[in-house]
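# Summary of the model geometry
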Amino acid sequence: MIGIIDYGVGNLFSLKSSLDYLGLESVVTNEEAILRKTDRIILPGVGAFKDAYDKLDKIGLIPVLGEIIKDGKPLLGICLGMQLLFDKSYEHGECRGLGYINGDIIPMKRVVDEQLKIPHIGWNELKIADKSNPLIKYTKEGDFVYFVHSYMGSNCESSLVAYSEYGAKVPAIVSKDNIYGCQFHPEKSGEVGLKILRAFSEI
Amino acid sequence: MITKRIIPCLDVRNGRVVKGTNFKGVSDVEDPVKLAKLYNQAGADELVFYDITASVEDRPLFTGILKEVAKEIFIPLTVGGSINTLGDFDRVLKAGADKVSVNSGAIKNPDLINEAAEKYGNQCVVLSVDVARVNGEYRVFTKGGREDTGINALDWIVEGEKRGAGELVLNSIDTDGVKKGFDLEMLRDVAKLISIPIIASGGAGKMEDFVELFKIQGVDAGLAASIFHYKEIGVNELKIYLKEQGINMRV
């Protein structure tokens, strides 16, 4: 059973539908007791970093998540959910994150060529940095995934699994121990994305 | 690098996909769920789902069919048709939309753009504008192309971007359904003024039209309906062709 954390940010319909489509049992919840019973967890998220962190904090799930991941349960952060896994973010001032992945979240404007549009919206190619990572066992170099974001991971080389080029090296998949994060939306990335979700269910 | 996008558009009326010419003379085509699945398999980069008569009939968009489509399609889905309030945004997002397209609702109440961008993020708000030339001026039309608002389209588009729209769908009424190519002149004029992604709509007739389209700096996606619905051009076939022409495509 996969627990999808519902903390009031973003749209969980397609994530739930894609897991249903793959025949994977899942539950959308913000209840500690249910999350503890699941065998893996997805942290989704769309919107602003601080707002999302505060919402997660408000429902009391930050310490719970910390305990759950210590037991080795796989956790996958998607989009803003991935960004929350980092130490801190510089979106509208500095804000602390969950600190599971070493690195910062920075505005893409800071590193990307001025001529490129921000947000980074659309399909971009994955370049693989760590072939051995179990999340990408069905993924190959050059597979396309769908991105929508204006902020990105930085200083996270030790956790980098895959990246895309958009005027800079944009971290696409990061991982450390049982923690995984995708900057793009696997639930919106067609077959390639479904394969990543399947791989997550098999970790 | 990011690819150019090919976006089939499903204009839905009474639960069926329909297609007209110059926004009129609508004819029945296909079951939307079946068609959406087909496009998904063919490599469509995104889908747009418009409930075309919702606005005219002054009723909320059908979310039942939307849910059916969204359950089977794992590519981005933009939904529009009678989006007038944040409540409408909420309803369609919960039914599986990733982005919401606003048109007449935003003209009636421009603050809808700001409020929705703030609540759901700019990436979620797609400003859709129906434009036709009137006495040499680009004019905004509503009610599915029936009503001239008198508003200057370029001014409105610039305002929409400032208010927080994350993407623009530019529908040229003058070229819609005519199949003689996109409205390159209009697209160039608009692309000079804004920096959000532009989705061009109206006029695609053959594969070469997309080559011409993507030569315009600032155009990110091409949207079409009838050429795909009537299988005059296959989505996959088109994308392979464009890639061969040196355009960056996901194939």
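Look a little higher up for the structure.
Residues numbered from 1 in each chain as written. Chains lettered and ligands numbered in written order. Predicted model: local features only at pLDDT ≥ 70, side-chain atom pairs only at ≥ 80, totals over all residues. Heavy atoms only, no water.

### Some points on the interface of chain B and chain A
- Residue-level contacts link 34 residues of chain B with 25 residues of chain A.
- Across the chain B/chain A interface, buried area totals approximately 2,300 Å², and carbon plus sulfur atoms make up 64% of it.
- Joining chain B to chain A, the criterion identifies 2 salt bridges.
- Between B:Asp220 and A:Lys117 there is a salt bridge, and its shortest N-O distance comes to 2.7 Å.
- Counting across the interface, chain B meets chain A through 11 residue pairs in polar contact (both at pLDDT 80 or more).
- When contributions to the side of chain B that touches chain A are tallied by element, the ones reaching two or more residues are helix 2 (63-70) and helix 3 (86-94) of chain B. (Contact = heavy atoms within 4.5 Å. Buried area = accessible area lost by both parts, 1.4 Å probe. Salt bridge = Lys/Arg side-chain N within 4 Å of Asp/Glu carboxyl O. Polar contact = N/O pair within 3.5 Å; in protein donor to acceptor, adjacent residues only side chain to side chain. Helix = DSSP H or I, 4+ residues; strand = E, 2+ residues; numbered from the N terminus.)

### What to know about the sheet that holds strand 1 (residues 2-5) of chain A
All names here are of chain A.
- Spatially, 8 strands are ordered 2-1-3-4-14-13-12-9 in an open sheet, and the strand pairing comes out mixed. Only two strands of the sheet have a single partner each, and these edge strands are strand 2 (26-29) and strand 9 (127-128).
- Summarising the sheet, strand 1 and strand 3 (residues 40-43) pair through 3 bridges and their orientation is parallel. Looking at strand 3, one finds that Ile4 is bridged to Ile42.
- Lying over the sheet, helix 6 (residues 190-201) contacts strand 1, strand 3, strand 4 (75-78), strand 13 (169-176) and strand 14 (179-182), oriented at roughly 140 degrees with respect to strand 3. (Pairing = 2+ DSSP bridges. Axes fitted to C-alpha atoms, helices over the stretch in contact; angles between N-to-C directions.)

### Some words on the nonpolar core
- B:Leu168, B:Phe210, B:Phe228 and B:Leu242 are the most contacted members of the largest nonpolar core, which has 80 residues in total.
- Aside from chain neighbours lying at most four places away, what touches B:Leu242 is B:Ile6, B:Met207, B:Phe210, B:Val211, B:Phe214, B:Ile247 and B:Met249.
- Listed in part, the 33 residues of the second largest apolar core include A:Ile41, A:Leu61, A:Val64 and A:Leu75. (Core = buried A, V, L, I, M, F, W, Y, C linked by side-chain atoms within 4.5 Å. Buried < 20%, exposed > 50% of the residue type's maximum accessible area, 1.4 Å probe, protein only.)

### Structural notes on the side chain of A:Ser17
- For A:Ser17, the location among the structural elements is in helix 1 (residues 13-21).
- With relative accessibility at 6%, the residue A:Ser17 sits in the buried group.
- Aside from chain neighbours lying at most four places away, what touches A:Ser17 is B:Ala70, B:Lys71 and B:Phe74.

### With respect to the pattern of salt bridges
Residue and element names in this part refer to chain B.
- Within the structure shown, the criterion is met by 31 salt bridges over all chains.
- One salt bridge in this structure joins Arg133 and Asp183, with 2.7 Å as the shortest N-O distance. One end of the pair, Arg133, is in strand 7 (residues 125-134); the other, Asp183, is in the loop between strand 10 (167-172) and helix 7 (184-191), and 50 residues separate them in sequence.
- With a shortest N-O distance of 2.7 Å, Arg163 and Glu159 are connected by a salt bridge. Taken as a pair, Arg163 and Glu159 lie in helix 6 (residues 153-163) at a separation of 4 residues, close to a single helical turn.
- For Arg163, a relative accessible area of 22% corresponds to the partly exposed category.
- The exposure class assigned to Glu159 is partly exposed, which follows from its relative accessible area of 30%.

### Notes on the state of the cysteines
Residues and elements named next belong to chain B.
- Scanning all chains against the criterion turns up 0 disulfides over all chains.
- In this structure Cys9 is not part of a disulfide, and its nearest cysteine sulfur, from Cys124, lies 18 Å away.
- With a relative accessible area of 3%, Cys9 lands in the buried category. (Disulfide = S-S within 2.5 Å.)

### Quick notes on the environment of A:Gln183
All names here are of chain A.
- For Gln183, the position within the fold is in the loop between strand 14 and helix 6.
- Using a relative accessible area of 0% as the deciding quantity, one classes Gln183 as buried.
- Taking the C-alpha atoms as reference points, Gln183 and Glu125, 58 residues apart in sequence, are found 13 Å from one another.
- In terms of polar contacts, Gln183 uses its side chain to reach the side chain of Gln83, at 3.0 Å.

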